[in-house]
Amino acid sequence: ASSLARMFVQVCLYFYCKCLWRCLKFVVRKLTGQCELQRICYNTKPGAARTMKIEASLKGSKSKRLQTSVNVHPDAIEKTIDDIMELKRINPDVNPQLGVSLQACLLQIVGYRNLIAEVEKLRREPYDSENPQHEEMLLKLWKCLKPNSPLKARISKQWCEIGFQGDDPKTDFRGMGLLGLYNLVYFAEWDTEIAQQVLTDSLHPKYSQLSKAEWEKKKFDKAIGYSFAIVGINITDLAYNLLVSGALKTHFYNVAPEAPTLTHFQQTFCYLMHEFHKFWIDEDPLDIMEFNRVREKFYKRILRQLQNPEMALCPHFAASESLINM
């Protein structure tokens, strides 16, 4: 009986707050002469803060047309903006900047949804050793990471040198499919110097025989080693979870002036790989069995950072200047 009573009170509070909120919005519109979308665009600077408020406003609208506007095809965004302006009785000639701001926000919102679909498709596609494109990407990974050490054979123990578990890497891609390979190749090809350095550092074991003074002089030898490729696939899983949970909206809405793309996701992976490597060294785990603990702690740290609407994980991938004027 008590649980039913609590449920009844919660339902009443929900409808009360919903009705109260709609009444407040109506009063504010009458006082300011602006709808909620106008107030957000005029009073919130571009980036995640604005786009997330616009997204919440559209999804929470009582109008089905506004609710579905966040799910339109990118080609239909301009028509959708016209529909929104008409529905809200906003004169585009008097408010020309509003249409530009709403279009930028919708491009990000729709683009994020499409990015999830693209990433999911790659994750679900298994590595196929009979596919020449898959094999070419795998060999490119080796060449980028070990340019001075030719691969002696496709099936080889050499793969362990870049952190795969056995003599055929295809078995290690089962969890993340082609997405894991795509990310590793992007890191190795476009951030080659850092990727090679991280690989080298990951191979170094702990030098327990050194004196404390010698130990402190070491920059990277302090940390226990880990398997570079396997960790890369694991960090791909971490980035994937951040994406599908919506946590990466903060970052992408701040760095992508229009629709976030697969390249933005891969750049974020590069950042996470580099940051995890530094985090691993700082944590100084006793052995590789502590990997899950360190990974979980790192994941929570990234989540906390992304709760800040001003957060951009990769400052050097910041949004273009054109966003500032939208």
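Here's a quick rundown of the structure. Here the structure is a predicted model, which is why all the values come from computation and not from measurement. (Residues numbered from 1 in each chain as written. Predicted model: local features only at pLDDT ≥ 70, side-chain atom pairs only at ≥ 80, totals over all residues. Heavy atoms only, no water.)

Each α-helix turn comprises 3.6 residues. Residues three or four places apart therefore point the same way. Looking only at helix α5 (residues 77-87), the buried set comprises Ile77, Thr80, Ile81, Ile84 and Met85. Projected down its long axis, α5 carries its buried residues within an arc of 140 degrees, all on one side. In this structure, α5 carries Glu78, Lys79, Asp82 and Glu86 as exposed residues pointing more than 90 degrees from its buried face. Buried residues belonging to α5 abut α2 (36-43), α3 (48-59), α4 (64-67) and α6 (96-124). At the C-terminal side of α5, Arg89 shows a positive phi close to 55 degrees. (Buried < 20%, exposed > 50% of the residue type's maximum accessible area, 1.4 Å probe, protein only. Helix = DSSP H or I, 4+ residues; strand = E, 2+ residues; numbered from the N terminus. Arc of directions from axis to C-beta. Contact = heavy atoms within 4.5 Å.)

In this section: the packing of aromatic side chains. Counted by the stated rule, this structure contains 15 aromatic pairs. Here the aromatic rings of Trp159 and Phe164 are separated by 5.9 Å at their centres, their planes lie at 85 degrees, and the arrangement is edge-to-face. Residue class for Trp159 comes out buried when judged on its relative accessible area of 0%. Using a relative accessible area of 3% as the deciding quantity, one classes Phe164 as buried. With 5.6 Å between their ring centres and 80 degrees between their planes, Tyr226 and Trp280 make a pair best called edge-to-face. Here Tyr226 is found in the loop between α10 (212-217) and α11 (228-244), whereas its partner Trp280 is found in helix α13 (residues 262-283), with 54 residues between them in sequence. (Phe/Tyr/Trp six-rings, centres within 6.5 Å; stacked < 30°, edge-to-face > 60°.)

This paragraph deals with α2. Counting buried positions over the eight residues of α2 gives six, a clear majority of the element. What α2 keeps buried is the set Glu36, Leu37, Gln38, Arg39, Ile40 and Cys41.

Attention now goes to the pattern of salt bridges. Within the structure shown, the criterion is met by 16 salt bridges. Of the charged contacts in the structure, one is a salt bridge between Asp168 and Arg154, with a shortest N-O distance of 3.0 Å. In this pair, Asp168 sits in the loop between α7 (132-145) and α8 (177-190) while Arg154 sits in the loop between α7 and α8, placing the two residues 14 residues apart along the sequence. The salt bridge involving Glu283 is made with Arg293; its shortest N-O contact spans 3.2 Å. In this pair, Glu283 sits in helix α13 while Arg293 sits in helix α14 (residues 291-306), placing the two residues ten residues apart along the sequence. By relative accessible area, which is 38% here, Arg293 ends up partly exposed. Here the salt bridges do not stand alone but share partners, grouping Glu283, Glu290, Arg293 and Lys297 into one network. (Salt bridge = Lys/Arg side-chain N within 4 Å of Asp/Glu carboxyl O.)

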